[in-house]
Amino acid sequence: MNFPGFIVKVCGITRREDAVAAAEAGATAIGFIFYPKSPRFVAPELAASLGEELPVWKVGVFVNEPPAMIAAVMSAALLDVAQIYGGEAPPHARVWEAFRVAESFPGKLTPDAEAVLLDGISNGNTFDWNVARGVQKQNPAARIILAGGLDASNVAEAVRVARPWGVDASSGLETSPGVKDHAKVRRFVEAASSAARELAKESA
């Protein structure tokens, strides 16, 4: 796939019907959690079947895993991108470097990362989106993906404030951990995409 103009990622996919619903709603990426302590954890082989033949990027989420393990899972799960919270990326992999944000940006950008994902300090929590805007201004070439507590009710405002390359949601689109509400997914994708289109018109 070529780089789409704006990324809308639905993360924490555990069921095929949810992966299909996200793709049909217009999401450009779906995410699979490979953190064993997460209630949304899936095995690599299951992730491969969940995303099979869908026209979206398949993103794996890793927490403090060694590069060899990430590479092995990417191969088995047929992933396009590794989203990494801590640790090092495997050579030649497409990487989204993820950071937890409280009141300020806590890290230093890695030049080789395709994108930087800024997340709330804990799952389902937002942060000051102006922090993301500040990171973008200080690093004009960086692609910023905004995550943390996003859903259809707030994603348009988040896009207007942060002006990110993309957005990512998981728990705000669920009826229970790992089970997506398809109506919430559709509303989230449309709200995010509509806000991105409006920004594009303004800057044209």
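Note that this is a predicted model, so its numbers are computed, not measured. (Residues numbered from 1 in each chain as written. Predicted model: local features only at pLDDT ≥ 70, side-chain atom pairs only at ≥ 80, totals over all residues. Heavy atoms only, no water.)

Engineer: Help me out: how do you make sense of the sheet that holds strand S4 (residues 81-85) in this one?
Structural biologist: Note on sheets: strands pair through backbone hydrogen bonds, and any given pair is parallel or antiparallel. Strand order in the closed barrel formed by 8 strands is S1-S2-S3-S4-S5-S6-S7-S8, with parallel pairing between adjacent strands. Adjacent strand axes in the sheet meet at a mean angle of 25° when their direction is disregarded. Pairing between strand S1 (residues 7-10) and strand S2 (residues 29-33): 2 bridges, direction parallel. Each residue of the ladder has a partner; that of Lys9, found in S2, is Ala29. The sheet contacts of helix H4 (residues 129-138) involve strand S5 (95-101), strand S6 (115-120) and strand S7 (144-146), and relative to S7 the element is tilted by about 175°. (Pairing = 2+ DSSP bridges. Helix = DSSP H or I, 4+ residues; strand = E, 2+ residues; numbered from the N terminus. Axes fitted to C-alpha atoms, helices over the stretch in contact; angles between N-to-C directions. Contact = heavy atoms within 4.5 Å.)

Engineer: Whenever I open this one, the pairing of S1 confuses me. Can you help?
Structural biologist: Regular strands have side chains that alternate between both faces of the sheet. In S1, alternate side chains face the same way, and those of Ile7 and Lys9 on one face and Val8 and Val10 on the other are all buried. Pairing of S1 with strand S8 (residues 166-169), which is carried by 4 bridges, proceeds in the parallel orientation. Looking at S8, one finds that Lys9 is bridged to Asp168. (Buried < 20%, exposed > 50% of the residue type's maximum accessible area, 1.4 Å probe, protein only.)

Engineer: Quick question: what am I supposed to make of the layout of surface pockets here?
Structural biologist: If a probe as big as a water molecule is rolled over the atoms, it shows which places are left empty. Estimates place the volume of the largest pocket at around 510 Å³. Every residue lining the largest pocket is counted, 29 residues in all, and those nearest its centre are Ile33, Tyr85, Arg100, Asp119 and Asn123. When residues of the lining of the largest pocket are traced back to their parent elements, those giving at least two are strand S3 (57-63), S4, S5, S6 and S8. Here the lining of the largest pocket is composed, by residue class, of 12 nonpolar, 12 polar and 5 charged. Computed from the structure, the second largest pocket encloses a volume of approximately 220 Å³. Lining the second largest pocket are Ile84, Gly86, Gly87, Glu88, Ala89, Pro90, Ala93, Val95, Glu97, Thr110, Asp112 and Ala113. Counted by class, the lining of the second largest pocket contains 6 nonpolar, 3 polar and 3 charged residues. (1 Å grid on protein atoms, 1.4 Å probe; cavity = no way out; pocket = protein on both sides within 12 Å on 5 of 7 lines; lining within 4 Å. Points joined across faces, edges and corners; volume = space filled by probe spheres on them. Nonpolar A, V, L, I, M, F, W, Y, C, P; charged D, E, K, R; others polar.)

Engineer: Just to check I follow, could you spell out the packing of aromatic side chains for this structure?
Structural biologist: Centre distance and the angle of the planes are the two values used to describe a pair of aromatic rings. This model, assessed by the stated rule, comprises 5 aromatic pairs. Taking 6.1 Å as the distance between ring centres and 80° as the angle between the ring planes, the aromatic pair formed by Trp96 and Trp165 counts as edge-to-face. Placement of Trp96 in strand S5 and of Trp165 in the loop between helix H5 (155-162) and S8 is noted, with a sequence separation of 69 residues between them. Accessibility assignment for this pair places Trp96 and Trp165 in one class, buried. Put simply, the rings of Trp57, Trp96 and Trp165 touch in pairs and so form one group of aromatic residues. Positioned above the aromatic ring of Trp57, the side-chain terminus of Arg94 is 4.3 Å from the ring centre. If you follow Arg143 out to its NZ or CZ, it ends over the ring of Trp165, 5.1 Å from the centre. (Phe/Tyr/Trp six-rings, centres within 6.5 Å; stacked < 30°, edge-to-face > 60°. Lys NZ or Arg CZ within 6 Å of the ring centre and 35° of its normal.)

Engineer: Explain the pattern of salt bridges to me, please; I cannot follow it from the model alone.
Structural biologist: Proximity of charged atoms lets side chains of opposite charge pair with each other. For the coordinates displayed, the defined rule picks out 11 salt bridges. Of the charged contacts, one joins Glu174 and Lys180 as a salt bridge, the two residues approaching to 2.8 Å between their closest N and O atoms. For Glu174, a relative accessible area of 8% corresponds to the buried category. Salt bridges here are not isolated pairs; linked through shared partners, they connect Arg15, Glu17 and Asp18. (Salt bridge = Lys/Arg side-chain N within 4 Å of Asp/Glu carboxyl O.)

Engineer: Got a minute to help me understand the nonpolar core in this structure?
Structural biologist: For soluble globular proteins, nonpolar side chains are generally found buried alongside one another. Membership of the largest hydrophobic core comes to 55 residues, with the highest contact counts inside it found for Phe32, Phe34, Leu118, Val167 and Phe188. With 8 residues, the top contributor of residues to this core is helix H6 (residues 182-203). By size, the runner-up hydrophobic cluster in this structure holds 16 residues, among which are Ile33, Trp96, Ile145 and Ala147. (Core = buried A, V, L, I, M, F, W, Y, C linked by side-chain atoms within 4.5 Å.)

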